[in-house]
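The lines below spell out each chain.
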Amino acid sequence: MLGDFTYCNPTRLYFGRNALDGLKQELPKYGPNVMLTYGGGSVKKSGLYDSIVAILKSAGKNIVDLPGVMSNPTSEKLIEGARLARENNVDLILAVGGGSVCDYSKAVSVSAYYDGDPWEKYFLKMEEPECRIIPVGCVLTMVGTGSEMNGGSVITNHAQKLKIGHVFGDSVFPKFSVLNPEYTFTIPQYQMVAGFFDIMSHIMEQYFSGTDDNTSDYLSEGLMRSLVHSSRIAAKNPTDYEARSNIMWTATWALNTLVGMAKTQDWEVHMLGHAVGAFTNATHGMTLAAVSLAYYRHIMNDGLKKFARFAVNVWGVNPEGKSDSQVADEGLKALETWMREIGVVMSLKELGVTEDMYGGIADGTFILEGGYRKLTREEVIEILKESM
Ligand code: NZQ
Ligand code: ZN
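Residues numbered from 1 in each chain as written. Chains lettered and ligands numbered in written order. Predicted model: local features only at pLDDT ≥ 70, side-chain atom pairs only at ≥ 80, totals over all residues. Heavy atoms only, no water.

### Topic: the site of ligand 1
By nearness alone, 30 residues border ligand 1, and Gly 40, Ser 42, Ser 71, Gly 99 and Ser 100 come closest of all. Take Asn 150: an N or O atom from its side chain is 3.0 Å from an oxygen atom of ligand 1. In isolation ligand 1 offers 970 Å² of accessible surface; the protein chains occlude 87% of this area. For the shell around ligand 1, the secondary structure elements donating two or more residues are α5 (99–111), β6 (152–157), α7 (189–207) and α10 (268–280). (Near = heavy atom within 4 Å. Polar contact = N/O pair within 3.5 Å; in protein donor to acceptor, adjacent residues only side chain to side chain. Areas by Shrake-Rupley, 256 points an atom, 1.4 Å probe, with all protein chains shown as cover. Helix = DSSP H or I, 4+ residues; strand = E, 2+ residues; numbered from the N terminus.)

As structure tokens, this is what we get:
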């Protein structure tokens, strides 16, 4: 049953081969100083950086360049960006890259005019911004996180061995995002399929919770079916525009608040994945892939009806003459087959996790209550062991 809610998504999307024209339309809305944030060089190599600089210059903007936003952006890098944005009186932060660059830009947007330590305020204490927020726009080059149309921002603190996400409200969502599927063609296969699993995980985190009849779950099933279909094509032929464009659109809807509206949500796989990421700095989607099967097999009996529904409606398992638990089990086997087919990491060992890390990873795993089973610390360790 749907409870009461208010729904608004403030991000304007420009989608398709000519999506960058949208940037030209957006720029007049902002002041002259634009901070360009990007990663380790892929946007320079692809030529996208030059195209964007040309557009900014012809719009008369002053560019404040901020390169080197790393995957899993750090709290130190956040301080650097916040200082640079404030010193240069930045009017717009333009993120050109994947989820890391988008997340980072949002974190900078709420930190530039905050005088204290943003890691402590926004990530350890989960407080909301009260200061001036610099608007953010995104040009997305890597698909998966949904950061282009949500308020999520995930920052890693290596000294504290913590990776924490803050889901900010409407005022921190990107004002606009440019989504051209062709920009994603150059992503290395490993990153691409990690992104595919991240999308699947976002949907599953919102789907595997609750026992009510909820429109959101039907939307989720449709998105998962589309993802499975297109990812099979894209894993073999990464430049298939039809598949890549469908996946890009699915990723956005998988985590722009729609499919989680008015229902309980789980997110325990992400908590496990973030804790693994804090210890290994591994690729986000792969951390999720490594723990998902062990986690879902662990909680399957607590949410049996939903797992059986997942098997039938997403994977086409025939339920005739079978118990719910047989059907549910076949669904998770189909999930595993798909994971192997697209080529994601299947174990924590592959990500560099060693036995001596179990305790620390368990300590860094936030235990949530929205899913079918609230884990104990011992269960977290069991799942880590089963994921090796
Ligand atoms: O740094 P460059 O050189 O640009 O290389 C990047 C990076 O190494 C490369 N890349 C991106 N686009 C490319 C490309 N290489 C060639 N061609 C292109 N077109 O790909 C690598 C990974 O990029 P990254 O942005 O780190 O990946 P992703 O989009 O998966 O973002 C991961 C971060 O987002 C967080 C994760 O925890 C992680 O920190 N998340 C954010 C969420 C949100 N905002 O709601 C939710 C997610 O669950 C997730 O936690
Ligand atoms: Zn994710």
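Let us keep going from here.
### Quick notes on the side chain of Thr 252
As for its position among the elements, Thr 252 is in helix α9 (residues 241–254). On the basis of relative accessibility, which here comes to 0%, the residue Thr 252 falls in the buried class. (Buried < 20%, exposed > 50% of the residue type's maximum accessible area, 1.4 Å probe, protein only.)

### Topic: the pattern of salt bridges
According to the stated counting rule, one finds 22 salt bridges in the structure shown. The residue Lys 77 makes a salt bridge to Glu 80 at a minimum N-O spacing of 3.3 Å. Linking Lys 77 with Glu 80, this pair stays in helix α4 (residues 75–87), spanning three residues, or about one helical turn. By relative accessible area, which is 32% here, Glu 80 ends up partly exposed. For Glu 336, the salt bridge goes to Arg 340, with nearest N and O atoms at 2.9 Å. With Glu 336 and Arg 340 both in helix α13 (residues 324–342), this residue pair falls four residues apart, about one helical turn. Members of the salt-bridge network, linked through shared partners, are Lys 121, Glu 127 and Glu 130. (Salt bridge = Lys/Arg side-chain N within 4 Å of Asp/Glu carboxyl O.)

### Structural notes on the packing of aromatic side chains
As enumerated under the stated definition, the model contains 18 aromatic pairs in all. With centroids separated by 6.1 Å and ring planes inclined at 50°, the aromatic side chains of Tyr 207 and Phe 310 adopt a geometry described as tilted. With Tyr 207 in helix α7 and Phe 310 in helix α12 (residues 304–315), this pair connects stretches of sequence that are 103 residues apart. Among the residues examined, Tyr 207 registers a relative accessible area of 0% and is labelled buried. On the basis of relative accessible area, Phe 310 is assigned to the buried category, the value being 0%. Ring pairs connect the aromatic residues Phe 197, Tyr 207, Phe 208, Tyr 295, Tyr 296, Phe 307, Phe 310, Trp 315, Trp 338 and Tyr 372, which therefore count as one cluster. Geometry around Tyr 49 places Lys 44 over its ring, the cationic atom sitting 4.6 Å from the centre. In this structure, Arg 309 packs its charged tip against the face of Tyr 218, placed 4.6 Å from the ring centre. (Phe/Tyr/Trp six-rings, centres within 6.5 Å; stacked < 30°, edge-to-face > 60°. Lys NZ or Arg CZ within 6 Å of the ring centre and 35° of its normal.)

### Concerning the domain arrangement of the protein
Examined at the domain level, the protein breaks down into domain 1 (12–183) and domain 2 (189–386). When each unit is reduced to the centre of its C-alpha atoms, the spacing between domain 1 and domain 2 is 27 Å. Opposite the 26 residues of domain 1 that make contact, domain 2 presents 24 residues. Of the roughly 2200 Å² buried between domain 1 and domain 2, counting both surfaces, carbon and sulfur atoms make up 67%. For the domain 1 face of the interface with domain 2, the top three residues by lost area are Val 143, Lys 161 and Lys 163, together amounting to 26%. Our count for the domain 1 to domain 2 interface comes out at zero salt bridges. At the junction of domain 1 and domain 2, the tally comes to five residue pairs in polar contact (both at pLDDT 80 or more). Every element with two or more residues in the side of domain 1 that touches domain 2 is listed here: β1 (12–15) and β7 (162–167). With three residues, the top contributor of residues to the side of domain 1 that touches domain 2 is β7. (Domains from an automatic or database assignment. Contact = heavy atoms within 4.5 Å. Buried area = accessible area lost by both parts, 1.4 Å probe.)

### Examining the environment of Gly 137
Here Gly 137 shows up in strand β5 (residues 136–140). On the basis of relative accessibility, which here comes to 0%, the residue Gly 137 falls in the buried class. Measuring from C-alpha to C-alpha, the distance between Gly 137 and Leu 27 comes to 9.7 Å, with 110 residues separating the pair along the chain. Setting aside anything within four residues of it in sequence, one finds Gly 137 in contact with Leu 92, Ile 93, Leu 94, Ala 95 and Phe 176.

### Details of the sheet that holds β5
Strand order in the open sheet formed by six strands is β1-β8-β5-β4-β2-β3, with parallel pairing between adjacent strands. Two strands close off the open sheet at either side, each with one partner strand: β1 and β3 (62–66). Within this sheet the neighbouring strands show an average axis-to-axis angle of 20°, counted without direction. Relative to strand β8 (residues 176–179), β1 runs parallel, the two being bridged by four bridges. (Pairing = 2+ DSSP bridges. Axes fitted to C-alpha atoms, helices over the stretch in contact; angles between N-to-C directions.)

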